[in-house]
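Here is how the chains run, residue by residue.
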Amino acid sequence: MDVTFMPLSDRDAEELVKFLTTNSFPYHLITAPSEELVRQLILDGRFDADGVRTYWVFGDNQRLGLVILERLESKCPTFDLRLVEEARGQGSGVPVLQALTGLVFSDRPGAHRFAGRTREDNIAMRKTFLRSGFLKEAHYREDWPLEDGRWIASVTYAVLRRDWELGTVTEFVWEDVDQP
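Since we're looking at a predicted model, the values are computed, not measured.

### Observations concerning the overall build of the protein
- Secondary structure summary: the protein contains five helices and seven strands in total.
- Listed N to C, the secondary structure of the protein is β-α-α-β-β-β-α-β-α-β-β-α in terms of helices and strands.
- In terms of C-alpha radius of gyration, the protein reaches 17 Å, essentially the compact-globule figure of 16 Å for 180 residues.
- With respect to the three principal axes, the spread of C-alpha positions in the protein is 55 × 40 × 35 Å.
- Across the 180 residues in the protein, those meeting the buried criterion constitute 46%.

### Here's the deal with helix 4 (residues 123–131)
- Burial in helix 4 covers these residues: M125, R126, T128 and F129. The buried residues of helix 4 all sit within an arc of 155° when viewed along its axis, so they share a single face. Among the exposed residues of helix 4, those oriented more than 90 degrees off its buried face are A124 and R131.
- Those residues of helix 4 that are buried lie in contact with strand 4 (78–83), helix 3 (93–107), strand 5 (113–119), strand 6 (135–145) and strand 7 (151–160).
- Just beyond helix 4, the residue with positive phi is G133, at close to 95°.

### Brief notes about the packing of aromatic side chains
- What the rule picks out here adds up to 10 aromatic pairs.
- Taken together, a centroid distance of 5.2 Å and an interplanar angle of 40° make the contact between F79 and F114 tilted. Of this pair, F79 sits in strand 4 while F114 is found in strand 5, placing the two residues 35 residues apart along the sequence. Residue F79 shares its accessibility class with F114, and that shared class is buried.
- Consider the rings of F79 and F129, whose centres lie 5.9 Å apart with planes at 55°: the pair is tilted. With F79 in strand 4 and F129 in helix 4, this residue pair connects regions lying 50 residues apart in the sequence. For the pair F79 and F129, a shared accessibility class is recorded, and that class is buried.
- An aromatic cluster of at least three residues, connected via ring pairs, comprises F79, F114, F129, F134 and Y157.
- The ring of W56 carries R63 above its face, with NZ or CZ at 4.1 Å from the centroid.
- For R82, the ring lying beneath its charged end belongs to F25, and the centroid distance is 5.0 Å.

### Let's talk about the confidence of the model for the protein
- Mean pLDDT for the protein: 94, with 100% of residues reaching 70 or above.
- In the model of the protein, helix 2 (residues 35–44) stands out as the element of lowest mean pLDDT, 94, in contrast to strand 7, which has the highest, 98.

Rules of the game
- Residues numbered from 1 in each chain as written.
- Predicted model: local features only at pLDDT ≥ 70, side-chain atom pairs only at ≥ 80, totals over all residues.
- Heavy atoms only, no water.
- Helix = DSSP H or I, 4+ residues; strand = E, 2+ residues; numbered from the N terminus.
- Rg over C-alpha atoms; globule rule 2.2 N^0.38 Å.
- Buried < 20%, exposed > 50% of the residue type's maximum accessible area, 1.4 Å probe, protein only.
- Arc of directions from axis to C-beta.
- Contact = heavy atoms within 4.5 Å.
- Phe/Tyr/Trp six-rings, centres within 6.5 Å; stacked < 30°, edge-to-face > 60°.
- Lys NZ or Arg CZ within 6 Å of the ring centre and 35° of its normal.
- pLDDT = per-residue confidence, 0-100.

Encoded structure:
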């Protein structure tokens, strides 16, 4: 799949509102944002501010979704990826995430790591991370609030620049300290 990214522009506000209010995002904190909320987020700089850039994601000339890159000034930028409902489960996640990693490491020479997080029950995204060269680095118990008041874990994955450059995955031992 040929994946490209087009920066969000000031002229895209209405399209952004439409995209975020006509798709459901069941594994995000806000699963169905209202028009009012999206407009306020635009005004607040959620999509374009210091250290934040947003791109439309295209695959084979079809718009697949939106990605918000955050913490771009840091050694470890992060992202928020939202695919249109029709693109989910179609195998586009891995090429999108691989292309996104290439974009970040190519455009940000100071970036040492690139990370993302998801809910523990988002198995499709967790597998996408692994298939894209990311490694699980954190499992935060009861970190993600659900609408019904329960809490589930969030899981963070990252890729190192050198692993991206070499096509490797640097493993580590989770439990490296013996119990007394």
